[in-house]
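# Coordinate analysis (summary)
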Amino acid sequence: MEKNRGNEILEFDNISKTFPGVLALDKVSFKVRKGEVHGLVGENGAGKSTLIKILCGIYSADSGRILINGEAAHITAPQHSQNYGVRVMHQEISVLPNMTVAENLMINDIPKKARIFMDSWSMKKKAKAALDMVGLDYVDPDRCISEYSLATQQMVNLARIMAMDPRVVLLDEPTASLTMNEAEQLFKVIKRLSGSGVSVIYISHYLEEVLRVCDCVTVLRDGKYVDTFRSEDTDSEKIVTAMIGKSLSVEQRKSEATGEPVLKMKNVSGISVIRHIDLELKEKEILGLYGLNGAGKTETLRAIAGIDRMLAGEMELFGKKEKNPDITGTLSKGVIYVSEDRRRQGLVLGMSVLKNASLGNEKKYAGMQFIREREEKADARKYIEKMRVKTPSEDTLIGVLSGGNQQKVILGRCMARDAGILLLDEPTVGIDVGAREEIYHLISEMVSDGASVILASSDINEILQMSDRIAVIAHGTVVKVVDRAETTQEELMLYAMGDVTDGK
């Protein structure tokens, strides 16, 4: 039986929104019922973010209306949205890093004594109760929030939302920074919210997760409403077809790896979590590096790139030993690291697409006194076109582009530098299924042109689709290396959880 049929708390009624040259939303209509977990999916640029920003009062709709409890809601500013009980947890973690956990939790309602002084005792008590609600009983309210992991900070954000007595909660890619255990805790919190009558709008590119958590799923495509599916009556394939307007054919790539190693690591440990890394990357190979969040995938790539210092062990690049690799030396040898945090560590959001496409390649265009701008622009344009970057113009600020197109610009920059070894950290995180397949195709093209790739990912389907071999990492140690064709999801999960019984 459909949950709370007819008991709508929120309704989008013919919402339209236009930006210069772009129809972002075209008469979008659907309903969210009380206590319902409602998935909202679509490719990047489908209109999800625009719709949510209208609900949050960041944008105003050109036409249409929002109804809350059956009455037209006047929302033209974020405060108006909050007055209606709408709360949002953004994908980008939003905390005040120099304040305590308790201060972050109570920032919107700080307890006072005599209406003037902060009541620290009451604030700590309320903060503790809010933390307990989301399973953060181990977090000290008096500690500075920056001392905790990004995943914990995100769960603190959720605790703050729950403490504000919400009626509708928007969760935007909520598991992107969470470990598996933390994601499970989040799902329990969502169930608790739903059970108490709070409606949840759940936005994610992880369709299996959406179908597991949500009662129903609404699909947007090119700014238009496509359909709403009951989760129990549909599957990922049907959702993808609705999202992109056609069936998505997923093909495993054919290995082009040769026997010649371009990278060897033996017994490498580092300044962070890695403590026993044995790896070998062959020429024109994609080596998957699979593990749970926090297992050491990122730290392994950073050690190879020379960003983080190696404490012990041996590493060879292209047949030559590297005693103390540093980022300058590895870059000069053609080793390029692409961070999972592309917005903060891969791009300059206030610069144009063209300028970002040529970042880091300045030496190539350096003359006696000036940069050869004509040559620089010609190369950048070539790779923008080659990577099929969708942008209004090359002068558009890159921060406006979708995540998939931003990642294409970064890969184009790597191609322009003629990367010999490409270290990709979660290359498709936050990217929709259509753009993800394009990214996979572009990575395969770079391998065909001679690059070798280590692809680090916690997405097991991505690892199985793209890798020639798979190295599984757990607790900072490579516990198993397997051929893609000789393993299964279940086996990889067991290894990732540290269950190894037959050696390496």
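Scroll up to find the structure this text is about.
So, here's what we can say about the structure. (Residues numbered from 1 in each chain as written. Predicted model: local features only at pLDDT ≥ 70, side-chain atom pairs only at ≥ 80, totals over all residues. Heavy atoms only, no water.)

The next point concerns the overall build of the protein chain. The number of helices and strands found in the protein chain is 17 helices and 22 strands. Computed over C-alpha atoms, the radius of gyration of the protein chain comes to 24 Å, within 12% of the 23 Å expected from 2.2 N^0.38 for 504 residues, which places it in the range of a compact globule. Taking the principal axes of the C-alpha coordinates as reference, the protein chain spans close to 70 × 55 × 50 Å. Every one of the 504 residues in the protein chain was classed for burial, and the buried ones make up 51%. Approximately 23700 Å² of the protein chain is accessible, and the part contributed by carbon and sulfur atoms is 49%. Here the protein chain contributes 66 positive and 72 negative side-chain charges, whose respective centroids are spaced 4 Å apart. (Helix = DSSP H or I, 4+ residues; strand = E, 2+ residues; numbered from the N terminus. Rg over C-alpha atoms; globule rule 2.2 N^0.38 Å. Buried < 20%, exposed > 50% of the residue type's maximum accessible area, 1.4 Å probe, protein only. Areas by Shrake-Rupley, 256 points an atom, 1.4 Å probe, with all protein chains shown as cover. Lys, Arg positive; Asp, Glu negative; His and termini not counted. Charge placed at Lys NZ, Arg CZ, Asp CG, Glu CD.)

Looking now at the side chain of Asp 459. Assignment of secondary structure puts Asp 459 in the loop between strand 20 (452-457) and helix 16 (460-466). Judged by its relative accessible area of 16%, Asp 459 is buried. Other than its neighbours up to four places away in sequence, Asp 459 contacts Tyr 206, Tyr 290 and Arg 436. (Contact = heavy atoms within 4.5 Å.)

All chains considered together, the criterion is met by 16 salt bridges. With a shortest N-O distance of 3.9 Å, Glu 438 and Arg 388 are connected by a salt bridge. Here the residue Glu 438 occupies a position in helix 15 (residues 433-448), and Arg 388 occupies one in the loop between helix 13 (373-386) and helix 14 (403-416), the gap between them amounting to 50 residues. Under the relative-accessibility criterion, Arg 388 is labelled partly exposed at 37%. Among the ionic pairs, Arg 436 bridges to Asp 459, the shortest N-O distance being 4.0 Å. With Arg 436 in helix 15 and Asp 459 in the loop between strand 20 and helix 16, this residue pair connects regions lying 23 residues apart in the sequence. Each member of the pair Arg 436 and Asp 459 is classed as buried. (Salt bridge = Lys/Arg side-chain N within 4 Å of Asp/Glu carboxyl O.)

What follows concerns the pairing of strand 4 (residues 63-68). Here five bridges tie strand 1 (residues 8-19) to strand 4, and the two strands are oriented antiparallel to one another. Within the sheet, the bridge partner assigned to Ser 16 lies in strand 4 and is Ser 63. The pairing of strand 4 with strand 5 (residues 71-72) spans two bridges and is antiparallel. When the sheet's bridge partners are listed, Leu 67 is paired in strand 5 with Ala 72. Where strand 4 folds back onto strand 5 in an antiparallel hairpin, the turn is made up of two residues, including Asn 69, whose phi is positive at roughly 55 degrees. (Pairing = 2+ DSSP bridges.)

Right, let's talk about the sheet that holds strand 13 (residues 261-270) for a bit. If you trace the four strands from one edge of the open sheet to the other, you get 14-13-16-17, paired in antiparallel fashion. Strands at the two margins of the open sheet, each flanked by one partner only, are strand 14 (277-282) and strand 17 (320-321). Where strand 13 lies against strand 14, five bridges are found, and the strand directions are antiparallel. Residue Leu 263 lies in a different strand from strand 14, and its bridge partner there is Leu 281. Helix-sheet contacts for helix 9 (residues 297-305) involve strand 13, strand 14 and strand 16 (310-317), and the interaxial angle to strand 16 is about 65 degrees. (Axes fitted to C-alpha atoms, helices over the stretch in contact; angles between N-to-C directions.)

Bringing the nonpolar core into the picture now. Counting 50 residues, the largest nonpolar core has Leu 105, Ile 190, Tyr 202 and Ile 239 as the members making the most contacts within it. With seven residues, helix 5 (residues 150-162) is the single largest residue contributor to this core. Membership of the second largest hydrophobic core comes to 45 residues, among which are Ala 357, Ala 419, Leu 422 and Tyr 440. (Core = buried A, V, L, I, M, F, W, Y, C linked by side-chain atoms within 4.5 Å.)

Counting buried positions along strand 22 (residues 477-483) yields five of seven residues, so the element is predominantly enclosed. In terms of strand pairing, strand 21 (residues 469-474) meets strand 22 through six bridges, oriented antiparallel. Bridged to Val 472 within strand 22 is Lys 480. Remark: two residues form the turn of the hairpin made by strand 21 and strand 22, two consecutive strands paired antiparallel; His 475 in that turn has positive phi of roughly 55 degrees.

Taken as a whole, helix 9 has its buried residues at Lys 297, Thr 300, Leu 301, Ala 303, Ile 304 and Ala 305. Positive backbone phi, approximately 85 degrees, marks Gly 306, located one or two places after helix 9.

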